[in-house]
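Examining the three-dimensional arrangement
Listed below, chain by chain, are the residues.
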Amino acid sequence: YCWGANAYGQVGDGTDNINRPIPTLVNLPVSKIPVSISEGFGNHFCSVMSDGSLYCWGVNNAGQLGIGTACLANSYANNCNGDGGISNPTLVQLPSGLSAKSVSIGTYHTCSILSDDRVYCWGTNQAGQLGIGNYSATNVPIETLLPVGKTALSITSGHSHSCAVLDDSRLYCWGSNSYNATGNTSNSWGTTPS
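Right, let's walk through the structure included here. (Residues numbered from 1 in each chain as written. Predicted model: local features only at pLDDT ≥ 70, side-chain atom pairs only at ≥ 80, totals over all residues. Heavy atoms only, no water.)

**As for the sheet that holds strand β6 (residues 85-91)**
Condition: One requirement defines pairing of two strands: DSSP has to find at least two bridges between them. Here a strand is any run of E in DSSP of at least two residues, a helix any run of H or I of at least four, and the numbering for each starts at the N terminus. Angles run from 0 to 180 degrees between N-to-C directions of axes, and those axes are lines fitted to C-alpha atoms, restricted for helices to the stretch in contact.
Overall, antiparallel pairing links the four strands, which are arranged β3-β4-β5-β6 in an open sheet. Two strands lie at the open edges of the sheet, namely β3 (34-39) and β6, each paired on one side alone. Strand-to-strand twist of the sheet, defined as the mean angle between neighbouring strand axes without regard to direction, takes the value 10°. In this sheet, strand β4 (residues 44-49) lies alongside β3 in antiparallel orientation, the contact comprising five bridges. Bridging across to β4, Ser-36 finds its partner in Val-48.

Right, here's the structure in full:
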């Protein structure tokens, strides 16, 4: 169940621009059982299902839903609702043979630890928050460049950065370092985890 502002369809009940003051049932596919949920500053949501599939809904102006397309204002193509979002949970295009273990959402990007214990991120990347070594955005999951031989145990995302605890019990961060968010005292932004 979700409730609150619904300008982009972030309540996930198939509507947009109709705020929901009380808990409202999210339109998850029949037989899908959610095991965790994450939200991106009130604008988009993603939920991991018991079968490892991942569904996202809400604003999608930067491809942060990971469904292979972005939603432009006044566009009704590709399930977009005309307000820059998608009002029903939509299946994320995970790499073939992989499933989601956890998900974490920033403002305009999303990251997930998949069944191979690697991190994949998607959405905007103007601050390097996808951790792929450049500033190119993507609307489908792309593998974050973790240190060679390392895998992720947990992940969390902020406005324009993400951090993960790796299997060596060390914390790695990437993306915007405004206010030293990534723990780098040089104030430089990082396009790969460090």
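Now that the structure has been shown, the text picks up again.
**Re the sheet that holds strand β13 (residues 171-175)**
In spatial order, the strands read β11-β12-β13; together these three strands make up an open sheet with antiparallel pairing. The open sheet has two free edges, formed respectively by β11 (152-157) and β13, since each of these has just one partner strand. Direction aside, the axes of adjacent strands within the sheet are offset by 20° on average. Relative to β13, strand β12 (residues 161-166) runs antiparallel, the two sharing five bridges. Looking across to β13, one finds that Cys-163 is bridged to Cys-173.

Geometric values such as these leave the question of function open.
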